[in-house]
Amino acid sequence: MHEKSFRKPLYVANHWMICPENKDLFFYAHEGETEYVSNRLWLYNNKTGNEWNIAKQRLDQDGNLGECHGHECWAPDGKGMYFVKYMQSLIKPTGICYVDIETGKHEILYSKYKYWHVGVSQDGRYLIVDTQYAPKQSEVVIIDTKTGEEFVADMPYMTAIHPCHPHPQISPDNSKVIYTALDKENGRTCIKISYIKH
């Protein structure tokens, strides 16, 4: 059996995400302090060896990095990616963004809260997000991409020290949201589940 070799780029990325609909297409990010890392989001085609930046980050009028991007995830159909434009970005507004990998067009879709991490349901209907709400609490937000509604499901306590921040995900049947929180009584990191009523 012949196995296809994986071409490696000349530099190292901190994490890779395989496109759900194309095993030769990889996302990777240049990691580091978000206020200083520009042109963070990249795609790499293992078949052709091509790589390209998918969301150019603008500079402000003084030449400082104006857009801080991060916490990316593939859309289930593999046609694009969601990511967060963080609240510390100098160029406003901020929020949940989507980039179409075919056209390269990216835009802010949701900006009601101070978003931090984003996940997506398997059917693409819901985005599950946490926020940089306060030093000791975060909001777990569910976004219905069909209606555009952004609503808070819970406000768990946290420490903001990894792994004690929510970073929520949704179950395959869209019935439960799971996330990390601080158990204030015991002072320990715990896992919480919220049930979604449809």
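Residues numbered from 1 in each chain as written. Predicted model: local features only at pLDDT ≥ 70, side-chain atom pairs only at ≥ 80, totals over all residues. Heavy atoms only, no water.

Looking at the confidence of the model for the protein
So, step 1. Put simply, the protein has an average pLDDT of 90, and 93% of its residues get 70 or more.
So, step 2. Every residue in residues 1–12 scores below 50 in pLDDT, and together they form 18 contacts with partners more than four places removed in sequence or on other chains. (pLDDT = per-residue confidence, 0-100. Contact = heavy atoms within 4.5 Å.)

Details of the sheet that holds strand S15 (residues 188–195)
So, step 1. Ordered by their spatial adjacency, three strands build an open sheet running S13-S14-S15, and the pairing between neighbours is antiparallel. Strands with a single pairing partner mark the edges of an open sheet, and in this sheet they are strand S13 (169–170) and S15.
So, step 2. Bridge analysis of strand S14 (residues 176–183) against S15 gives eight bridges, and the strand direction is antiparallel. Note that in S15 the partner of Thr-180 across the bridge is Ile-191. (Pairing = 2+ DSSP bridges. Helix = DSSP H or I, 4+ residues; strand = E, 2+ residues; numbered from the N terminus.)

Observations concerning unusual backbone geometry
So, step 1. Cis peptide bonds are those with omega within 30 degrees of zero, and the linkage from Lys-92 to Pro-93 qualifies with 0°.
So, step 2. By secondary structure assignment, the location of Pro-93 is in the loop between strand S6 (80–85) and strand S7 (95–100).
So, step 3. Note the cis peptide between His-162 and Pro-163, where omega equals 10°.
So, step 4. With respect to the helices and strands, the residue Pro-163 is situated in the loop between strand S12 (150–154) and S13.
So, step 5. One non-glycine residue, Asn-39, lies in the positive phi region at around 45°.
So, step 6. Inspection of the secondary structure puts Asn-39 in the loop between strand S2 (22–29) and strand S3 (41–45).
So, step 7. Looking at Asn-39, the relative accessible area reads 25%, which means it is partly exposed.
So, step 8. Of note in the backbone geometry, His-71 takes a positive phi value of approximately 50° without being a glycine.
So, step 9. Mapped onto the elements, His-71 comes out in strand S5 (residues 69–74). (Buried < 20%, exposed > 50% of the residue type's maximum accessible area, 1.4 Å probe, protein only.)

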